[in-house]
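Each chain, written out:
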Amino acid sequence: MADAFMRSLPVDVRLWREDIQGSRAYARALVGAGVLTATEAEQIDRGLQSIAEEMESGRALPEGSEDIHMAIEARLIEKIGPLGGKLHTGRSRNDQVALDLRLYVRDAADRLDHALNRLQQALTVRAEEHLDTILPGYTHTQRAQPVLLAHHLLAYVEMLRRDRGRVKDAARRADESPLGSGALAGSGFPLDRERLARDLGFARATANSLDAVSDRDFVVELLSAVTLVMIHLSRLSAEIVAWTGAEYGFAELPDSLASGSSMMPNKKNPCAAELVRARTGRVTGDLVAMLMVIKGLPLAYNRDLQEDKEALFDGVDTGLAALEVTTSLVDGIRFNPAAMRAAALGGYSLATEAADYLTRRGIPFREAHRIAGQAVAQAIAAGKPLEELSLAEWQRLSPVADAGLFEHLTLESAIKARAVLGGTARSRVEEAIERAKA
Ligand code: ARG
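Just so we're clear, the structure is a prediction, and the values are computed from it rather than from any experiment.

Caption draft 1: Broad picture of the overall build of the chain. Helices and strands together make up the secondary structure of the chain, namely 19 helices and six strands. On C-alpha atoms alone, the chain measures out to a radius of gyration of 30 Å, which is more than a quarter above the 22 Å that the 2.2 N^0.38 rule sets for 438 residues. C-alpha extents for the chain along the principal axes are approximately 100 × 55 × 40 Å. Across the 438 residues in the chain, those meeting the buried criterion constitute 48%. Taking the contacts inside the chain whose residues are at least 6 apart along the sequence as the reference set, 75% of them involve residues at least 24 apart. Taken as a whole, the chain presents about 20,800 Å² of accessible surface, with 54% of it coming from carbon and sulfur. A gap of 3 Å separates the mean positions of the 53 positive and 61 negative side-chain charges of the chain.

Caption draft 2: Highlighting the layout of surface pockets. Its volume calculated, the largest pocket comes out at about 480 Å³. As for the largest pocket, its lining consists of 24 residues, of which V157, E158, A432, R435 and A436 are closest to the centre. Where the lining of the largest pocket is concerned, the elements lending two or more residues are α6 (93-129), α7 (149-174) and α19 (426-437). Split into classes, the residues belonging to the lining of the largest pocket amount to nine nonpolar, seven polar and eight charged.

Caption draft 3: Representation of the packing of α6 against helix α10 (residues 217-244). Close contact between α6 and α10 brings their axes to 10 Å; oriented N to C, the two are set at 20 degrees. Judged on the interaxial angle alone, α10 and α6 are roughly parallel. Seen along the crossing, α6 lies across α10 with a hand that is left-handed. Here α6 contributes A98, L101, R102, V105, A108, A109, L112, L116 and L119 to the contact with α10, which in turn contributes F218, V219, L222, V226, V229 and L233. Among the residues making up the contact of α6 with α10, the classes are represented as 14 nonpolar, no polar and one charged.

Caption draft 4: Examining the pairing of strand β1 (residues 134-139) more closely. Relative to strand β2 (residues 142-148), β1 is paired through six bridges, and the arrangement is antiparallel. Following the sheet pairing, T139 is matched in β2 by Q142. Between β1 and the antiparallel strand that follows it, β2, lie two residues; H140 among them carries a positive phi value of about 55 degrees.

Caption draft 5: Spatial organisation of unusual backbone geometry. Geometrically, the link from L299 to A300 is a cis peptide bond, its omega value of 0 degrees lying close to zero. Tracing the sequence through the fold places A300 in the loop between α11 (271-294) and α12 (308-332). Phi at H140 takes a positive value of approximately 55 degrees, unusual for a residue other than glycine. One can find H140 in the loop between β1 and β2. In this structure H140 comes out as exposed when scored by relative accessible area, which is 73%. Its identity is not glycine, yet T141 carries a phi of approximately 60 degrees, on the positive side.

Caption draft 6: Main features of the site of the ligand. Neighbouring the ligand are the residues S8, D67, H69, R93, N94, V97, Y301, R303, Q306 and K309. D67 places a polar side-chain atom, nitrogen or oxygen, 3.0 Å from a nitrogen atom of the ligand. Y301 places a polar side-chain atom, nitrogen or oxygen, 2.4 Å from an oxygen atom of the ligand. With the chains in place, 86% of the 340 Å² that the ligand exposes on its own is no longer accessible. The element best represented in the shell around the ligand is α6, accounting for three residues.

Caption draft 7: Expanded view of the side chain of S349. Here S349 shows up in the loop between α13 (337-346) and α14 (351-360). When its relative accessible area of 1% is taken as the criterion, S349 is described as buried. There is a polar contact of 2.7 Å between the side chain of S349 and the backbone oxygen of A344. Apart from residues no more than four positions distant in its own chain, S349 is found in contact with A144, Q145, P146, A344 and L411.

Caption draft 8: Layout of empty space enclosed by the protein. This structure, assessed with the given rule, holds two cavities of 30 Å³ or more. The computed volume of the largest cavity comes to approximately 90 Å³. Together, H152, L153, Y156, L236, E239, I240, W243, V330, I333 and F335 line the largest cavity. Put simply, the parts of the chain that give the lining of the largest cavity at least two residues each are α7 and α10.

Caption draft 9: Structural detail: the packing of aromatic side chains. Under the definition given, this model contains five aromatic pairs. Ring plane angle 65 degrees and centroid distance 6.0 Å describe the contact between Y138 and Y248, whose orientation is recorded as edge-to-face. Of this pair, Y138 sits in strand β1 while Y248 sits in the loop between α10 and β5 (251-252), and the two are 110 residues apart along the sequence. Taking relative accessible area as the criterion, Y248 reaches 26% and is therefore assigned partly exposed. Centroid distance W243 to F250: 5.7 Å. Interplanar angle 65 degrees. Geometry classified as edge-to-face. Here W243 falls in the buried class, since its relative accessible area comes to 6%. For F250, a relative accessible area of 1% gives the class buried. Among the aromatic residues, those joined into a cluster by ring pairs are Y138, W243, Y248, F250 and F335.

Conventions we followed
Residues numbered from 1 in each chain as written. Predicted model: local features only at pLDDT ≥ 70, side-chain atom pairs only at ≥ 80, totals over all residues. Heavy atoms only, no water. Helix = DSSP H or I, 4+ residues; strand = E, 2+ residues; numbered from the N terminus. Rg over C-alpha atoms; globule rule 2.2 N^0.38 Å. Buried < 20%, exposed > 50% of the residue type's maximum accessible area, 1.4 Å probe, protein only. Contact = heavy atoms within 4.5 Å. Areas by Shrake-Rupley, 256 points an atom, 1.4 Å probe, with all protein chains shown as cover. Lys, Arg positive; Asp, Glu negative; His and termini not counted. Charge placed at Lys NZ, Arg CZ, Asp CG, Glu CD. 1 Å grid on protein atoms, 1.4 Å probe; cavity = no way out; pocket = protein on both sides within 12 Å on 5 of 7 lines; lining within 4 Å. Points joined across faces, edges and corners; volume = space filled by probe spheres on them. Nonpolar A, V, L, I, M, F, W, Y, C, P; charged D, E, K, R; others polar. Axes fitted to C-alpha atoms, helices over the stretch in contact; angles between N-to-C directions. Parallel < 35°, antiparallel > 145°, perpendicular 65-115°, else oblique. Left-handed = near helix turned anticlockwise from the far one by under 90°. Pairing = 2+ DSSP bridges. Near = heavy atom within 4 Å. Polar contact = N/O pair within 3.5 Å; in protein donor to acceptor, adjacent residues only side chain to side chain. Phe/Tyr/Trp six-rings, centres within 6.5 Å; stacked < 30°, edge-to-face > 60°.

The quantities given are spatial measurements derived from coordinates; they are silent on function.
If you want it as structure tokens, here you go:
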């Protein structure tokens, strides 16, 4: 019972590749330290390679091992005899697991970067298709000002750009080799740790053995980057859910990305988007679990740290799956430009254009804002859109109004006027698409 409670093999078996990679490099370093002869190191290396082949073909590791490190060592000794027992000279599972985890994080960061890039590309492709599609931009979920659908989609490309930066940053700080730190005090054998680090493709070796075996802040950093990815995906998901509902009618999902109801034949549910939104909570939980594992731990290694893996693996798996399904949603969603345009025209979202126009005619903005507000109230009372108020009606509100006003009261001119850097004018959005492609 206690054994089962303490065993980590069912979880950390996933680290077998990293564990073998680390051990092969370590065997080479032991030759440099005078512990192994070149022939012994070669024999160990061949043994480790054949264990990798066994794992690749699905062969189970010896029964009863506590963790992946013990299991691979046991199998090595089964295969090559007592020589296998020399591999662990000057090494501890404490520096070994810290190494495996950093190798895993490095690879996970790469996979996340690719998945984020693919989603950015999917969004950019859809943005380019919709450079002429106008929808209401919202604040407080109220129709506010018209924007291009391309501009809306590119907002997510920006979020994902920062996400990629955070993932890279986490990987950059994880890029140190702890191997040679031993259990906590540093190995008692003269290993060339810098060379070992380079051999494993790390930028450098860690500087303090106590820190190296007990620090997991690189796991926290990656999980925190993935949590923000999920938070961003949950926002996009919420929009997909809203937009595909009848109240918006802005988009439709292909059948392959929606699911039916077991009871209501009319339903086409955006379940994939809803589940991405829900799993954001799960990944946030992984991050919090990891933070709580580290909190209050005295130096150096403590067994608490074994709990790092479930949180890390789950966060990375969930993040990658959510990115993949969101990319399919973005690829497959069909937008409804006519519904978007009707909504943009329907919400008095050109009121700011009227105020800006009056301001350009010399009226202080605060006053122009009041006049345009009165115009909106009159139009609502008359049951017509703002652009259908007559010139005479405008002039009763403000004598500076002239026929030029009406040129500003179109969706196209409202978009065109927002040509400031970062604005929704087509020229700016085209620039943003070029940047996104580069
Ligand atoms: N399974 C352990 C972990 O994942 C490996 C290190 C165990 N070290 C020890 N001294 N018991 O953290």
